[in-house]
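# Structure assessment
What follows is each chain in one-letter form.
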Amino acid sequence: YVDNLNTQKNFEEEELEFLMAVARQAGMALENLHLIDEQKITLESFITTLAASIDARDDMTAGHSARVAKYSRSCAKYMGLSKDEIKLIYYAGLLHDYGKIGTREAILCKPGKLTPEEMSHMREHAYDTHKILSKIHFTKELADIPLIASSHHEHMDGTGYPFNLTSEQIPLGGKIIAVADFFDALTHKRHYREPMPIEDVISLIDDQSGTKFDSIVVESFKEYVYKEYIPNQKKR
């Protein structure tokens, strides 16, 4: 109506005031949308930077957090989870090892087998992940990141750490990240061993399905591996 160049009628003062009011409201709405987008970009860059800071401590494990997040996201898609749930799990996957910022470098990069004392210190990273991330003010939809990120070493039978959670208590995102983390850790070179063949790793996951890993998650993760991961590896 405002753009109509054929009208012979001039705007009255009252009409102009109404148009100005509409314009102000529209401008405020657009500005708010812009601020929301900026906040999302800031949050995403913040999370990816935190993840990169952990990987930067050790060249051998560089890229581990990003790969685990990617595998977790793909597994969640195969499980039919919502976009919001998938995003939550992806971010938690990026930050699942953040507690390792407090792990001594001599242990983190040790080329041989860890002693019981060193293993105990290494396991503290899961609790530290929860403790550190709980201090961050996440948005409402991402508020479960600390619990999900820190529960990737919990076992279905309650023998895991740091909180000895059982199957019902472990968040689904933590169950997904647990499988993704195990898969990536064994299929890539580490200071103390060479990478294992994919089929051998899948066999190990199957052997621990129902005790260490959630059986439903395992089946969805395997579907991802055979339908996407392996074909993509062959293409490369």
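One structure accompanies this document, and this report is about it. (Residues numbered from 1 in each chain as written. Predicted model: local features only at pLDDT ≥ 70, side-chain atom pairs only at ≥ 80, totals over all residues. Heavy atoms only, no water.)

### Details of the overall build of the protein
We count it as follows: Strands here mean DSSP runs of E at least two residues long; helices mean DSSP runs of H or I at least four residues long; both are numbered from the N terminus. Each radius of gyration reported is based on C-alpha atoms, and the globular scaling rule is 2.2 Å times the count of residues to the power 0.38. Exposure classes here rest on a 1.4 Å probe applied to the protein chains alone. A residue is buried below 20% of its type maximum, exposed above 50%, and partly exposed in between. Contacts are residue-level and defined by heavy atoms, with any inter-residue pair within 4.5 Å sufficient. With residues, only the protein chains shown are counted as cover, and all accessible areas are computed by Shrake-Rupley using a 1.4 Å probe. His is not counted, nor are the chain ends, whereas Lys and Arg count as positive and Asp and Glu as negative. By convention, the point assigned to a charge is CZ for Arg, NZ for Lys, CD for Glu and CG for Asp.
Assigned secondary structure in the protein consists of nine helices and zero strands. A compact globule built from 236 residues should have a C-alpha radius of gyration of about 18 Å, whereas the protein, at 24 Å, is more than 25% larger. Its C-alpha atoms give the protein principal-axis dimensions of roughly 85 × 35 × 35 Å. Classification of the 236 residues of the protein by burial places 40% in the buried group. Long-range pairs, those at least 24 residues apart, make up 63% of the contacts in the protein with a sequence separation of at least 6. Of the accessible surface of the protein, which amounts to about 13,800 Å², a share of 55% is contributed by carbon and sulfur atoms. Averaged over its 28 positive side-chain charges, the protein has a centre that lies 7 Å from the centre of its 37 negative ones.

### Some details on helix 8 (residues 198-207)
Quick note on the threshold: Each C-beta atom gives one direction from the helix axis, and the arc is the one those directions make.
For helix 8, the full list of buried residues reads V201, I202 and I205. In a view along the axis of helix 8, the buried residues occupy a sector of 100°, so they form one face of it. Those residues of helix 8 that are buried lie in contact with helix 7 (172-187) and helix 9 (215-235).

### Some thoughts on a negative patch on the surface
Filter applied, for reference: Excluding any residue in a salt bridge, patches collect residues exceeding 30% relative accessible area, merging like charges within 9 Å and nonpolar Val, Leu, Ile, Met, Phe, Trp and Tyr side chains within 5 Å. Salt bridge criterion: a side-chain nitrogen from Lys or Arg within 4 Å of a carboxyl oxygen from Asp or Glu.
The grouping of E12, E13, E14 and E17 at the surface amounts to a negative patch. Along the chain, E14 turns up in helix 1 (residues 13-55).

### A closer look at the packing of helix 3 (residues 83-94) against helix 7
Each pair of packed helices can be described by the angle between their axes along with the distance between the axes. Applied cut-off: Only the stretch in contact is used when fitting a helix axis, every axis being a line fitted to C-alpha atoms; angles between N-to-C directions are given from 0 to 180 degrees. Roughly parallel refers to an angle under 35 degrees, roughly antiparallel to one over 145, roughly perpendicular to one between 65 and 115, and oblique to any angle outside these ranges. Crossings are classed by handedness, with left-handed meaning an anticlockwise turn of the near helix from the far one by less than a right angle and right-handed meaning a clockwise turn.
As a packed pair, helix 3 and helix 7 sit with axes 10 Å apart at the nearest point and diverge in direction by 50°. When the axes of helix 3 and helix 7 are compared, the pair comes out oblique. As helix 3 packs across helix 7, the resulting crossing turns out to be right-handed. Judged by residue contacts, I89, A92 and G93 of helix 3 engage G173, I176 and I177 from helix 7.

### Structural notes on the side chain of S72
As a reminder, the rule being used: Pairing of N or O atoms within 3.5 Å defines a polar contact, subject to two protein rules: one partner must be a possible hydrogen donor and the other a possible acceptor, and residues neighboring in sequence count only if both atoms are side-chain atoms.
Relative to the helices and strands, S72 is located in helix 2 (residues 64-78). There is a polar contact of 2.7 Å between the side chain of S72 and the backbone oxygen of V68.

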